[in-house]
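An overview of the molecular structure
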Amino acid sequence: MTAVPLATAPAPTTPAPGLGRQLLRDSGYVLFGLPLALIGFVLAVAGISLTAGLLVTTFGLPVLAGTLYAARALADLERLRLPAVLRQPRVRPVYLAPEPRAGYWRRILTPMRDPQSWLDLLHAFVKLLVTLPTFIVVLVWWAIAVAGTLYAAYDWAIPRGPDDQDLSQLLGMGDGAGARVALNTSIGLFCLLTLPLVARACARLQAGLARSLLTGVAEMRNRISTLEEQKRAAASAEASALRRLERDIHDGPQQRLVRLAMDLSRARQQLAADPEAARRTLDEAVAQTRETLDELRALSRGIAPPILVDRGLPSALAALAARALVPTELVVDDDLGTPAGRLDPALESTAYFVVAEALTNVAKHSRAGTCRVAVTRRVGRLEISVRDDGVGGAHLAKGHGLSGIADRVRATGGALEVTSPAGGPTVVHAELPR
């Protein structure tokens with residue numbers, strides 16, 4: 001059985017392609033954007049004009065609704081093109097949808113009540129204002145780059161009259177073929193070398209407008225939802241930790257302290273009548289004190305392990321693996337323990353408790369013979385994997401130890417996945433952003 005992840009890590013950005021491929025993507029985005037901009041502008045102008053003309057009849061609102069749906073289709077097409085330029089995953093807003101049993105006019109009015117539909121229509125109007133100049137710039141830059149770089153190959157074929165003057169003559173470079181070839185080739189090479197920058201700037205300008213109107217609101221809503229989810233997860237994890245700490249103190253040190261108080265009271269009563277019994281009672285009290293201190297130290301390790309603060313994550317995890325009831329193999333990046341490679345304290349604490357809770361779950365429920373813990377630093381994230389050869393059946397249901405891990409991971413904006421088919425093995429995989 002594979003548990004559904006309770007947290008979703010931020011989608012990774014698209015890897016940057018090579019310079020040549022990015023140039024072709026940017027140029028294609030800009031050049032093919034003009035036909036789409038023309039279609040959108042014509043559709044928007046025609047739709048609004050027809051709506052204004054037919055508004056006095058019952059056909060005006062259906063035409064407006066059709067125009068908004070058509071603008072939405074063009075907006076979706078534009079959103080499909082954005083990841084190639086912005087190197088970010090596609091984001092599509094959640095549009096208002098009519099109820100299943102909604103009537104005709106309610107269905108007609110639904111897109112008009114959606115702010116994103118009007119932003120789509122606004123994008124269809126203003127896209128041409130940005131697309132046309134950027135199209136011209138990229139097209140001219142490509143033409144000059146290609147024509148100038150290859151000028152030496154066709155200079156001889158250009159007809160010239162006796163009174164014609166070349167640019168090289170006007171600049172005082174001479175009137176020979178060598179001067180013409182040198183000047184035009186230099187201009188072509190300059191445009192060729194700067195073409196990736198120009199195409200990139202024009203593509204980002206177009207994509208920036210599209211992102212602000214077509215995905216900006218959706219990204220903001222997604223971000224707000226993510227932060228709210230992380231806040232709830234952090235509160236849940238904190239409440240669970242406090243409840244567990246309260247239960248552990250009540251079941252352990254508190255009971256021992258009550259007994260210690262009773263022993264000391266009995267020793268005081270025995271002191272005058274039976275000094276030997278009082279001495280035995282005091283010895284028991286001393287033993288109770290030592291046991292209480294041991295339990296308090298164990299609880300303090302569960303709150304903020306000193307070895308984690310002092311020596312870093314690798315040493316803290318090594319101590320965990322050494323105390324584990326199941327033989328545990330530990331693989332950790334050594335640089336995580338160096339001063340330059342240490343993580344943020346909150347991230348270190350989360351990683352430590354993820355491993356600690358996973359090992360506790362292995363010891364209590366898995367009936368495993370061996371366990372392997374791997375902590376690896378990746379670009380932009382920390383990966384944690386705990387694998388055992390037990391009987392499987394682990395899941396993330398509330399009330400189980402793994403749900404506490406899920407809350408901690410979700411509070412940091414990370415992702416947790418548990419794969420635990422019947423018969424094993426069980427793999428707990430967490431990714432924490434850093």
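Quick caveat, the model's predicted, so the values are computed rather than measured. (Residues numbered from 1 in each chain as written. Predicted model: local features only at pLDDT ≥ 70, side-chain atom pairs only at ≥ 80, totals over all residues. Heavy atoms only, no water.)

1. Digging into the nonpolar core
Our working definition: Remark: nonpolar core denotes a set of buried residues (Ala, Val, Leu, Ile, Met, Phe, Trp, Tyr, Cys) joined through side-chain atoms within 4.5 Å. For every residue, the accessible area (1.4 Å probe, protein chains only) is compared with the maximum for its type, and the residue is labelled buried under 20%, exposed over 50%, or partly exposed between those bounds. In this description a helix means any DSSP run of H or I spanning at least four residues, a strand means any run of E spanning at least two, and both kinds are numbered starting from the N terminus. Note on definitions: a residue-residue contact is assigned when non-hydrogen atoms from the two residues lie within 4.5 Å.
The biggest cluster of nonpolar side chains holds 36 residues, and the ones touching the most others in it are Leu 313, Leu 317, Tyr 352, Val 375, Ile 384 and Val 386. Contributions of two or more residues to this core are made by α11 (313-323), α12 (345-366), β2 (371-378), β3 (381-388), α13 (401-411), β4 (415-419) and β5 (426-433). With 10 residues, the top contributor of residues to this core is α12. Other than its neighbours up to four places away in sequence, Val 386 contacts Ala 358, Leu 359, Cys 371, Arg 372, Val 373, Thr 426, Val 427 and Val 428. Formed by 13 residues, the second largest nonpolar core is a distinct cluster that contains Tyr 29, Leu 82, Val 138 and Ala 203.

2. Examining the sheet that holds β4
The strands making up a sheet associate through backbone hydrogen bonding, with each pair oriented either parallel or antiparallel. The test is simple: Note: two strands are recorded as paired if DSSP finds a minimum of 2 bridges between them. Under this scheme, a helix contributes an axis fitted over its contacting stretch, all axes are lines through C-alpha atoms, and angles between N-to-C directions fall in the 0 to 180 degree range.
Taken in spatial order, the five strands of this open sheet run β1-β2-β3-β5-β4, and their pairing is mixed. Two strands lie at the open edges of the sheet, namely β1 (328-332) and β4, each paired on one side alone. Taking the axes of each pair of neighbouring strands and ignoring which way they run, one obtains an average angle of 10 degrees across the sheet. Two strands pair when backbone bridges link them, and β3 and β5 are joined in this way by eight bridges, in the antiparallel orientation. By the bridge assignment, Leu 382 is partnered in β5 with Leu 432. In the packing of α11 onto the sheet, contacts are made with β1 and β2, and the angle to β1 comes to roughly 175 degrees.

3. Topic: the environment of Gly 148
By the secondary structure assignment, Gly 148 is in helix α4 (residues 115-149). On the basis of relative accessibility, which here comes to 8%, the residue Gly 148 falls in the buried class. Taking C-alpha positions, Gly 148 is 5.1 Å from Asn 184, a pair spaced 36 residues apart along the chain. Setting aside residues up to four positions removed in sequence, Gly 148 forms contacts with Ala 143, Tyr 154, Asn 184, Thr 185 and Gly 188.

4. Some words on a nonpolar patch on the surface
This is how the line gets drawn: Any residue with relative accessible area above 30% and no salt bridge may belong to a patch, with like charges joined within 9 Å and the nonpolar Val, Leu, Ile, Met, Phe, Trp and Tyr side chains within 5 Å. Throughout, the Shrake-Rupley method with a 1.4 Å probe supplies accessible areas, and for residues the shown protein chains are the sole cover considered. By definition, a salt bridge exists where a carboxyl oxygen of Asp or Glu is found within 4 Å of a side-chain nitrogen of Lys or Arg.
Together, Leu 132, Ile 136, Val 140, Ile 144 and Ile 187 give the surface a local cluster of nonpolar side chains, amounting to about 370 Å² of exposed area. As for its placement among the helices and strands, Leu 132 is situated in helix α4. You can call Leu 132 partly exposed: its relative accessible area is 39%.

5. Remarks on the packing of helix α1 (residues 19-54) against α4
Angle between the axes and distance between the axes: these two values describe a pair of packed helices. Applicable threshold: Here is the rule for handedness: rotate from the far helix to the near one, and if that takes an anticlockwise turn smaller than a right angle the crossing is left-handed, while a clockwise turn gives right-handed. Lys, Arg, Asp and Glu make up the charged group, whereas Ala, Val, Leu, Ile, Met, Phe, Trp, Tyr, Cys and Pro make up the nonpolar group; the residues left over, Gly among them, are polar.
Contact pair α1 / α4: the axes reach a minimum separation of 7 Å and the direction vectors enclose 145 degrees. Once α1 is placed against α4, the crossing between them reads as left-handed. Residues of the contact of α1 with α4, tallied by class, amount to 19 nonpolar, five polar and one charged.

6. What about the confidence of the model for the protein chain?
Under the convention used in this document: Every residue carries a pLDDT, the predictor's confidence in it, which falls somewhere between 0 and 100.
On average, the protein chain scores 78 in pLDDT, and the residues at 70 or more come to 79%. For residues 1-13, every residue scores under 50 in pLDDT, and the model assigns this stretch 34 contacts once sequence neighbours within four places are set aside.

7. Some thoughts on the packing of helix α2 (residues 60-86) against α4
Basically, it comes down to this: Oblique is the label for every angle not falling under 35 degrees (roughly parallel), over 145 degrees (roughly antiparallel), or within 65 to 115 degrees (roughly perpendicular).
Their axes nearest at 8 Å, the elements α2 and α4 cross at an angle of 75 degrees. Here α4 runs roughly perpendicular to α2, going by the angle between their axes. In contact with Leu 64, Thr 67, Leu 68, Ala 71, Arg 72, Ala 75, Glu 78, Arg 79 and Arg 81 of α2, α4 contributes Gln 116, Ser 117, Trp 118, Asp 120, Leu 121, His 123 and Lys 127.

8. Examining the packing of aromatic side chains
Rule in force here: Here a pair means two rings of Phe, Tyr or Trp (six-membered ring of Trp) with centres within 6.5 Å. Their orientation is stacked below 30 degrees between planes, edge-to-face above 60, and tilted elsewhere. The criterion is that NZ of a Lys, or CZ of an Arg, lies within 6 Å of the ring centre and within 35 degrees of the ring normal, and then a charge sits over that ring.
Here the structure, examined in full by the defined rule, presents two aromatic pairs. Taking the centre distance of 6.4 Å and the plane angle of 90 degrees together, the rings of Phe 41 and Phe 125 count as edge-to-face. Of this pair, Phe 41 sits in helix α1 while Phe 125 is found in helix α4, placing the two residues 84 residues apart along the sequence. A residue is classified by how much of its surface remains accessible, and Phe 125, at 27% relative accessible area, is partly exposed. Look at Tyr 352 and Phe 353: their rings are 5.3 Å apart centre to centre, the planes differ by 85 degrees, and that puts the pair in the edge-to-face class. The buried category is assigned to Tyr 352, whose relative accessible area is 4%. Take Phe 353: its relative accessible area is 8%, and that puts it in the buried class. The positively charged end of Arg 72 is found above the aromatic ring belonging to Tyr 95, 3.8 Å away from the centroid.

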